[in-house]
2 protein chains.
Amino acid sequence: MVWFESLQHFISEADQVLIVSHVNPDGDAVSSTLAAGYLLKRWGKQVTMVNESPVPKKFFILEGTKEIVSTDQISGRFRHVIALDCADRERMGNIRQLLAEDAFIINIDHHATNERFGDVNIVVPDAAATVEILFDWVEQAGVSLDQRLASYLYTGLLTDTGGFRYSNTTPKVLRIAAQLVDTGIESHKIADAVLETVTIEQLQLLQKALSSLRRSDDGLVAWMSLSRKDTDAFLQSHEDLDGIVNYARNILGVDVGILFRETEDGTVKVSLRSREFVDVGKVAKAFGGGGHARAAGCTFHGSLKEAEEKMLPRLRLELECEKR
Amino acid sequence: MVWFESLQHFISEADQVLIVSHVNPDGDAVSSTLAAGYLLKRWGKQVTMVNESPVPKKFFILEGTKEIVSTDQISGRFRHVIALDCADRERMGNIRQLLAEDAFIINIDHHATNERFGDVNIVVPDAAATVEILFDWVEQAGVSLDQRLASYLYTGLLTDTGGFRYSNTTPKVLRIAAQLVDTGIESHKIADAVLETVTIEQLQLLQKALSSLRRSDDGLVAWMSLSRKDTDAFLQSHEDLDGIVNYARNILGVDVGILFRETEDGTVKVSLRSREFVDVGKVAKAFGGGGHARAAGCTFHGSLKEAEEKMLPRLRLELECEKR
Ligand SMILES: [Mn+2]
Ligand SMILES: [Mn+2]
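It should be emphasised that the depicted structure is a prediction, and the values quoted were computed from it without experimental measurement. (Residues numbered from 1 in each chain as written. Chains lettered and ligands numbered in written order. Predicted model: local features only at pLDDT ≥ 70, side-chain atom pairs only at ≥ 80, totals over all residues. Heavy atoms only, no water.)

Caption draft 1: Spotlight on the overall build of chain A. The number of helices and strands found in chain A is 11 helices and 12 strands. The C-alpha radius of gyration of chain A comes to 21 Å, within 12% of the 20 Å expected for a compact globule of 324 residues. On the principal axes, the C-alpha backbone points of chain A span a range of 65 × 40 × 40 Å. Taking the contacts inside chain A whose residues are at least 6 apart along the sequence as the reference set, 62% of them involve residues at least 24 apart. (Helix = DSSP H or I, 4+ residues; strand = E, 2+ residues; numbered from the N terminus. Rg over C-alpha atoms; globule rule 2.2 N^0.38 Å. Contact = heavy atoms within 4.5 Å.)

Caption draft 2: Quick look at the coordination of the manganese ion (ligand 1). All names here are of chain A. At this site the manganese ion (ligand 1) is bound by Asp 28 (OD), Asp 85 (OD), His 110 (NE2) and Asp 160 (OD), with donor distances of 2.1 to 2.3 Å. For the manganese ion (ligand 1), the single-chain donor residues occur in sequence as D-x56-D-x24-H-x49-D. Here Asp 85, found in the loop between β4 (78-84) and β5 (99-109), pairs with His 110, found in the loop between β5 and β6 (120-123); they are 25 residues apart in sequence, far enough to count as distant. Judged by relative accessible area, Asp 85 falls into the buried class, the value being 1%. (Donors = N, O, S within 2.8 Å, 3.2 Å for Na, K, Ca; no water. Buried < 20%, exposed > 50% of the residue type's maximum accessible area, 1.4 Å probe, protein only.)

Caption draft 3: Structural context of the environment of B:Val2. Residue and element names in this part refer to chain B. In this structure, Val 2 sits in helix α1 (residues 2-13). Residue Val 2 is classed as exposed on the basis of its relative accessible area, which comes to 78%. Once the C-alpha coordinates of Val 2 and Lys 41 are considered, the two residues, 39 residues apart in sequence, prove to be 24 Å apart.

Caption draft 4: Inspection of the pattern of salt bridges at higher detail. Residue and element names in this part refer to chain A. Evaluated as defined, the whole model comprises 34 salt bridges over all chains. We note a salt bridge from Lys 189 to Glu 186, for which the minimum N-O separation is 3.3 Å. Classification of Glu 186 as partly exposed rests on a relative accessible area of 43%. (Salt bridge = Lys/Arg side-chain N within 4 Å of Asp/Glu carboxyl O.)

Caption draft 5: Quick look at the interface of chain A and chain B. Each partner contributes residues to the interface: chain A has 40 residues there, and chain B has 39 residues. In total, chain A and chain B occlude about 3700 Å² of area from one another, counting both sides; carbon and sulfur atoms represent 62% of this. The largest contributions to the chain A side of the interface with chain B come from A:Arg165, A:Leu174 and A:Ile200, which together make up 18% of the buried area. Put simply, chain A and chain B have 8 salt bridges between them. (Buried area = accessible area lost by both parts, 1.4 Å probe.)

Caption draft 6: Quick look at the relation of the copies chain A and chain B. Structural alignment of chain A on chain B gives an RMSD of 0.0 Å, achieved by rotating through 180° and translating 0.0 Å along the axis. Taken together, the rotation and translation describe the operation of a two-fold axis. The share of interface residues of chain A whose copies in chain B are also at the interface is 98%, consistent with both copies meeting through the same surface. (Least-squares fit on C-alpha atoms with pLDDT ≥ 70 in both.)

Caption draft 7: Here's a closer look at the packing of helix α4 (residues 147-160) of chain B against helix α6 (residues 187-196) of chain B. All names here are of chain B. Viewed as axis vectors pointing N to C, α4 and α6 meet at an angle of 50°, and their least axial separation amounts to 10 Å. In terms of their interaxial angle, α4 and α6 are classed as oblique. The hand of the α4/α6 crossing is right-handed. For the pair α4 and α6, contact is made by Ser 151, Tyr 154, Thr 155, Leu 158 and Thr 159 and by Ser 187, Ile 190, Ala 191, Val 194 and Leu 195, respectively. Class assignment of the residues belonging to the contact of α4 with α6 gives a composition of 6 nonpolar, 4 polar and no charged. (Axes fitted to C-alpha atoms, helices over the stretch in contact; angles between N-to-C directions. Parallel < 35°, antiparallel > 145°, perpendicular 65-115°, else oblique. Left-handed = near helix turned anticlockwise from the far one by under 90°. Nonpolar A, V, L, I, M, F, W, Y, C, P; charged D, E, K, R; others polar.)

Caption draft 8: Structural context of the coordination of the manganese ion (ligand 2). Binding of the manganese ion (ligand 2) to the protein goes through B:Asp28 (OD), B:Asp85 (OD), B:His110 (NE2) and B:Asp160 (OD), at separations of 2.2 to 2.3 Å. Look at where the donors of the manganese ion (ligand 2) fall in the sequence and you get D-x56-D-x24-H-x49-D.

Caption draft 9: Molecular detail of the packing of aromatic side chains. Across all of its chains, the model carries 12 aromatic pairs over all chains by this definition. A ring pair is formed by B:Phe287 and B:Phe300, whose centres lie 4.9 Å apart and whose planes are at 70°; its orientation type is edge-to-face. Taken together, the residues span a long stretch of sequence, with B:Phe287 in the loop between α10 (280-286) and β11 (290-291) and B:Phe300 in strand β12 (residues 295-301) at a distance of 13 residues. An aromatic cluster of three or more residues is present, and its members are A:Tyr154, A:Phe164, B:Tyr154 and B:Phe164. Here the guanidinium or amino end of A:Lys66 rests over the ring plane of A:Phe60, the centre of that ring lying 5.4 Å away. (Phe/Tyr/Trp six-rings, centres within 6.5 Å; stacked < 30°, edge-to-face > 60°. Lys NZ or Arg CZ within 6 Å of the ring centre and 35° of its normal.)

Structure representation (structure tokens):
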């Protein structure tokens, strides 16, 4: 692999390395940070792992998460930087004051939209997760897999493939997973912690959302809404909303699932998910939002009711046109 | 593998084969039936696939599910029978009138508790699913994997490992999964259909259960209840209850999750799940029920309130004793 040499060269030059992933880190961001940090430390480097946002509690099952510090906890300027799972420079968050003027950035990522903002860019859109690229690195470098490294890599694969459920679950992903479990890690405990565990606030929000669940007469659209009262009472972090909209999409026979959520600033945020027929990215775009065919979002000014009255007829039209 | 030859011998002798799995079939039962049926048909055998219970709709994504008939749709008596995923004879359901007097039963299963009721017993407790044993058979027999066969085997692995989340997700399971996805099957569509899809009645029951959610002061026990009114309104099949109790168990910090459910006959059915500390099998047994350490159940006479008043102090005691 051609990128492997530039990576090894970077490592050989560096003494102190800053490792950063994206704000509001997901499993791949946290795991790739920890895995890269662990590797570099094994090679005798001084490592600083940083993230603008706190690490979500469910990842505390991974050793060393407490060593990932927030931007304001460190000082100094770094000349060697590894950016992980960041599609663009802004995703790294507020780290400007940590970069030396001649900072050299290695950008390792799997997003097809990656803007190649690094001095070296290792962008592999075929990889299911950034940790998959790190796994290839580990193999190329001839590093032996221990349980600690394996648990990091497994977590990133698990979360970025939705627990091996998304279409990026390639045979290669499953073979890597097998090699990682070969080390003896308790992969079921990782799955339990990062995929199954919920906070009570998440369940309370889910209950509120489900109590508002409605479905179109033909069963193709299902929607739920959360009022400000609901979110004021239960929403602690934006992660708490993760996955709620999927409950609507996952209903047998439904193509489009929607969550309408009233926010503090008088707007309604709309999350859209679809199974097969409706390109919800296109619909969201028509209302000034964005996303892709199966997952998208947009924002309306006004009340929940007004947002529903704009969105539902538009989806009806899409479905009518599809059925022609 | 020593069992392989007896299986091949059985096949060579048989012209007509009855294939049966267990009542209320899960993914492994349905998939192993379809996979065995497909294999035997490829070998020129006449195959009858039977199940006492209807195949749950979520498995209709698999080709040929409609060919699995109910016990009363067929007549005649079979001399060659393959029983799949059945730990004992009773699990096969009401098939007595389909068996010839000299019926020869091949019992293929992965439950450690299997009672070896067959004339040949291929019981592999290390296998995560019955389809894992069938995969080994396919390999031994030198049968080429096509997409149809792969989709069956994948489904059984997926459902019996809880989507590769349970502790039976061995490296071997993941390597087999990789080989199956190599055939080009759209494994994400299978995962969506069999693991993600819910009925609206399931969500309505979940909403009712969540609205009753309570948690002990120390956060170690969480419980929910469903009244007869709730189940009368929404419960269509027992599958609709699958997984509801896990929402309580999955709360961060909770060790024991409970679902109390009022039934038609004036009893309360209690489902128990635990993470780590409490052996809920022992607790259920103390009340005349059964199960194992992490998943168990029992039944009380009386009201929901009375059931809670019996169960909750008992769990409190277990936790106090654990903490000593
Ligand atoms: Mn990623
Ligand atoms: Mn099974």
